[in-house]
Amino acid sequence: MTEKLYYQNSKLYTFTATVLSCEEKGDQYLCILDKTAFFPEGGGQKADTGTLDEVNVLDVQEKNGVITHMTDKPLTVGASVHGALNEEQRFRRMQNHTGEHVFSGVVHAAYGYTNVGFHMAEDCMTVDFDGVLNADQLKEIEDECNRVITNNVAVNCIFPTSEELESLDYRSKLELTQDVRLVNIEGIDLCACCAPHVESTGEVGLLKVLDCMPHRGGTRITLICGLDAFEHLRTHYNCNRKVSALLSARAVETPLGVEKLQEDIVSLKREITALQTKINRLLADGLEQTDGCAVIFMEDAKTDEMRSLCNLCLPKCGQMMCVCSGNDENGYAYIIGSQTVNLREKSKEINTALNGRGGGQPTMIQGSFKATKEEIITFFNQQ
Ligand SMILES: [Zn+2]
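Predicted, not measured: the structure shown is a model, and the values here were computed from it.

Asker: So what's going on with the overall build of the protein? Residues and values would help.
Answerer: Check the secondary structure of the protein and you find nine helices and 20 strands. The C-alpha atoms of the protein give a radius of gyration of 36 Å, which is well past the 21 Å a tight globule of 383 residues would have. By principal-axis analysis of the C-alpha atoms, the protein measures approximately 105 × 50 × 40 Å. When burial is assessed residue by residue, the protein has 31% of its 383 residues classed as buried. Contacts in the protein between residues far apart in sequence, at least 24 positions, make up 57% of those at least 6 positions apart.

Asker: An account of the pairing of strand E7 (residues 66-71) is needed here, citing residue identities and associated values.
Answerer: Strand direction decides the pairing type here: strand E3 (residues 28-33) and E7, joined by four bridges, are antiparallel. By the bridge assignment, Tyr29 is partnered in E7 with Thr71. Pairing analysis gives six bridges linking strand E6 (residues 55-63) to E7, with the strands arranged antiparallel. Bridge pairing in E7 places Gln61 opposite Thr68.

Asker: Residue-level account of unusual backbone geometry, with values.
Answerer: Its identity as a non-glycine residue notwithstanding, Asn152 has a phi of 50 degrees, on the positive side. Note that Asn152 resides in the loop between helix H3 (135-150) and strand E11 (155-158). Judged by the 13 C-beta atoms lying within 10 Å of it, Asn152 is partly exposed.

Asker: An account of helix H6 (residues 254-286) is needed here, citing residue identities and associated values.
Answerer: Over its 33 residues, H6 extends 47 Å from the first C-alpha to the last, a length consistent with the 48 Å expected when each residue adds 1.5 Å. Counted residue by residue, H6 has one buried out of 33 residues, so it is predominantly exposed.

Asker: Explain the sheet that holds strand E18 (residues 331-338) to me, and be specific about the residues and the numbers.
Answerer: Taken in spatial order, the five strands line up as E16-E17-E18-E20-E19 in an open sheet, and their pairing is mixed. Two strands close off the open sheet at either side, each with one partner strand: strand E16 (294-298) and strand E19 (356-360). Averaged over neighbouring strand pairs, the angle between their axes works out to 20 degrees when direction is ignored. Here helix H8 (residues 343-353) sits on the sheet and contacts E18, E19 and strand E20 (364-369); the angle it forms with E19, its principal contact strand, is near 175 degrees.

Asker: So what's going on with the packing of H6 against helix H7 (residues 303-313)? Residues and values would help.
Answerer: Two elements in contact, H6 and H7, have axes separated by 9 Å at closest approach and are oriented at 35 degrees. For the crossing formed where H6 meets H7, the hand is right-handed. Contacts from Gln276, Asn280, Arg281, Leu283 and Ala284 of H6 reach H7 at Glu305, Ser308, Leu309, Leu312 and Cys313. Its residues assigned to classes, the contact of H6 with H7 comprises five nonpolar, three polar and two charged.

Asker: Describe the sheet that holds strand E13 (residues 189-192), naming the residues involved and giving the relevant values.
Answerer: In space, the three strands of this open sheet follow the order E11-E12-E13, with antiparallel pairing throughout. The sheet is open, and its two borders are formed by E11 and E13, each paired with just one other strand. In this sheet, adjacent strand axes meet at a mean angle of 20 degrees when their direction is disregarded. When E11 meets strand E12 (residues 182-185), the two strands line up antiparallel, connected through four bridges. Considered in E12, the bridge of Asn156 is made with Asn184. Across the sheet, helix H2 (residues 87-111) touches E11, E12 and E13, and the angle it forms with E13 is around 120 degrees.

Asker: Mind laying out the nonpolar core, listing which residues take part and the relevant values?
Answerer: Core analysis: the largest hydrophobic core is formed by 49 residues, its most contacted members being Cys31, Val102, Phe103, Val106, Cys145, Leu207 and Leu223. A per-element tally of this core places H2 first, with five residues. Two domains each donate at least three residues to this core, and these are domain 1 (3-85) and domain 2 (91-234). Among residues more than four places away in sequence, those in contact with Phe103 are Val127, Ile141, Cys145, Leu207 and Leu223. Core analysis: the second largest hydrophobic core is formed by 27 residues, Met320, Met321, Tyr332 and Tyr334 among them.

Asker: Explain H2 to me, using residue names and the numbers behind them.
Answerer: An ideal rise of 1.5 Å per residue puts 36 Å on 25 residues; H2 measures up with 36 Å between its terminal C-alpha atoms. Positive backbone phi, approximately 75 degrees, marks Gly112, located one or two places after H2.

Asker: Report on the environment of Glu23, specifying residues and quantitative values.
Answerer: One can find Glu23 in strand E2 (residues 14-25). Given 12 C-beta atoms within 10 Å, Glu23 falls into the exposed group. Each C-alpha atom of the pair Glu23 and Glu166 lies 42 Å from the other, and the pair is 143 residues apart in sequence. Not counting chain neighbours up to four residues away, the residues in contact with Glu23 comprise Tyr29 and Leu30.

Asker: How would you sum up the environment of Thr36? Please name residues and give values.
Answerer: On the secondary structure map, Thr36 appears in strand E4 (residues 35-36). A residue is classified by how many C-beta atoms lie within 10 Å of it, and Thr36, with 27 of them, is buried. On a C-alpha basis, the gap between Thr36 and Asn330 in space is 70 Å, while along the polypeptide they are 294 residues apart. Apart from the residues lying within four places of it in its own chain, the contact partners of Thr36 are Thr2, Leu5, Ala17, Ile67 and Gly83.

Definitions and cut-offs
Residues numbered from 1 in each chain as written. Predicted model: local features only at pLDDT ≥ 70, side-chain atom pairs only at ≥ 80, totals over all residues. Helix = DSSP H or I, 4+ residues; strand = E, 2+ residues; numbered from the N terminus. Rg over C-alpha atoms; globule rule 2.2 N^0.38 Å. Buried ≥ 20, exposed ≤ 12 C-beta atoms within 10 Å, placed from the backbone. Contact = placed C-beta atoms within 7 Å. Pairing = 2+ DSSP bridges. Expected span 1.5 Å × (residues − 1). Axes fitted to C-alpha atoms, helices over the stretch in contact; angles between N-to-C directions. Left-handed = near helix turned anticlockwise from the far one by under 90°. Nonpolar A, V, L, I, M, F, W, Y, C, P; charged D, E, K, R; others polar. Core = buried A, V, L, I, M, F, W, Y, C linked by C-beta atoms within 7 Å. Domains from an automatic or database assignment.

Next up, the structure:
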């Protein structure tokens, strides 16, 4: 059995221990000490990382009470080593984990829902409840959690006897009978948990609900606490400040500013379409009536615009009406319409002559030419 120093003091970030064994496994070493402050992965919380002397601790796992440190270099068996945890990582995880207990305790007390799933990622946590929570309820829960944090309630970890355990009402995901460790947040939550926690709720600092979504008939909540919550706030605050400056809107009015921008875009698109229709009508009016073919060149026109212009010009054209968009260097997109020529039959001849590809209906075809403006004009003049 490894002596668990993290149960005696959750803020013990450095310690001295004796190396009991060290085995090579793949490119890592499995080291067992007589005691450790490194928390092995468990209870939804990841393993601590840090160093043992000059050696890096990459992972920590517990099996049957023995804690194994996975390291990148070997340690000398029998030697005394100095352990140092990645302090900030551990503290942030404890802030988040204790915050999650507060949240689950508050939800359980207010709605009777049980935490049925917990996952701690590097940037946030998700907690699943077996009941539905709406936005108004979540706001109240969030307020209550932050009141509990401000009230700085003590967090104590206890190991009750089997008899004591029977008389206690506590939250647990498993049916436990012995060696149960309970994390008690006085009057707020009592929960079986193997992970280290902060000493009082004030150390959680801040709790924020980031998201909620329906999940297996209940609700999945995304949460963030402590320094992680503060960093999240800073990042999002800075983003909103930039948006605020770009919109010349007050920081609390950026959503209104974006709505206005979207409305402007819709009306500008409408204006562009109206202008395009006007231009097409002018171009069609300017086209001289002909028994032969006519060609109009446009720049960067969309297919819709080209098609609409082609349709407007068709009555003025005895044979084929061709609308092109592009340039000599990159070639031209084309739309060709006709009221007299079967274009599906004619398309092969057109494409062969102008190094093109494309096709369509007997009355209208579309495609592209790898030809110059002059070559296109010459071809249609000869029809
Ligand atoms: Zn826990």
